[in-house]
Amino acid sequence: MTERWLDQSFVDRDLRDVDLVEAELRGSQFEGCKFRGVSLTEATVTSCVFNACDFRGARLGSATFRDTALTVCQFGMTELFLTTFRECKLTGSTFADADLSQATIAGGDWSLVNLRGANLKKLDLRKVRFKEADLMGANLSDTDLRESDLTAANLLRARLTGADLRGARLDQIDLLELDLRGVQLDLEQAVYLAHCHGARIG
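In this report, we go over the structure that sits alongside the text. (Residues numbered from 1 in each chain as written. Predicted model: local features only at pLDDT ≥ 70, side-chain atom pairs only at ≥ 80, totals over all residues. Heavy atoms only, no water.)

We now examine the sheet that holds strand β6 (residues 49-51). Consider a sheet: its strands pair through backbone hydrogen bonds, and that pairing is either parallel or antiparallel. With parallel pairing, the four strands of this open sheet are ordered in space as β2-β4-β6-β8. Where the open sheet ends on each side, the last strands, each with one partner, are β2 (9-11) and β8 (69-71). Direction aside, the axes of adjacent strands within the sheet are offset by 5 degrees on average. (Pairing = 2+ DSSP bridges. Helix = DSSP H or I, 4+ residues; strand = E, 2+ residues; numbered from the N terminus. Axes fitted to C-alpha atoms, helices over the stretch in contact; angles between N-to-C directions.)

See below:
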């Protein structure tokens, strides 16, 4: 029987033995709960709050999270194939070395998220907020980052070939530290980069 959790509250619960395949979670709150190894395949999660929850090893394939907060959560070794995060808040969560290349990230706030070494290749990340996110060594090749907020993000050693940064906020980022070969910049960004290299414009 498919689980339906509506407007429920869970604190410090170990939910590892619960089958949440195709489950519907709506308006519920989870504080410090363990979802390690849990299958949420094809689950629909709407307007929920997960804080300090553990999703390591969980299977989130084809699950949809909409208008949901997943703050300070752990997603190590989590299956994220065709997972959708639509207008979600992920502040402070950890996706280090995660493969998100087949996921959908539509808007939302990914500030302070640990995405070190994560695979975000070819994703449409327009207008996503990555303020102070750790993207060190992440694969952002051919990624659409137009109008995203990368203020103070760590992009050291990130792979950016083919990325589209037009209109993105790059405040507090040292562009001289980045390999920008093949990256698309708008005119304002190109002028700023030239100034960083000591060029005089006009």
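Alright, that's what it looks like, and here's the rest.
Another point: unusual backbone geometry. The backbone phi angle of serine 47 is positive, close to 55 degrees, even though this residue is not glycine. Take serine 47: its relative accessible area is 40%, and that puts it in the partly exposed class. The phi dihedral of glutamate 87 falls on the positive side, at around 55 degrees, and the residue is not glycine. With respect to the helices, strands and loops of the structure, glutamate 87 is situated in the loop between β9 (84-86) and β10 (104-106). Accessibility expressed as a relative area gives 47% for glutamate 87, which makes it partly exposed. (Buried < 20%, exposed > 50% of the residue type's maximum accessible area, 1.4 Å probe, protein only.)

Our focus in this paragraph is the nonpolar core. Counting 62 residues, the largest nonpolar core has Phe30, Phe35, Phe50, Phe55, Phe95, Trp110 and Leu150 as the members making the most contacts within it. In contact with leucine 150, other than residues within four places in its own chain, are Phe130, Leu135, Leu145, Leu165, Ala168, Arg169, Leu170, Asp171 and Ile173. (Core = buried A, V, L, I, M, F, W, Y, C linked by side-chain atoms within 4.5 Å. Contact = heavy atoms within 4.5 Å.)

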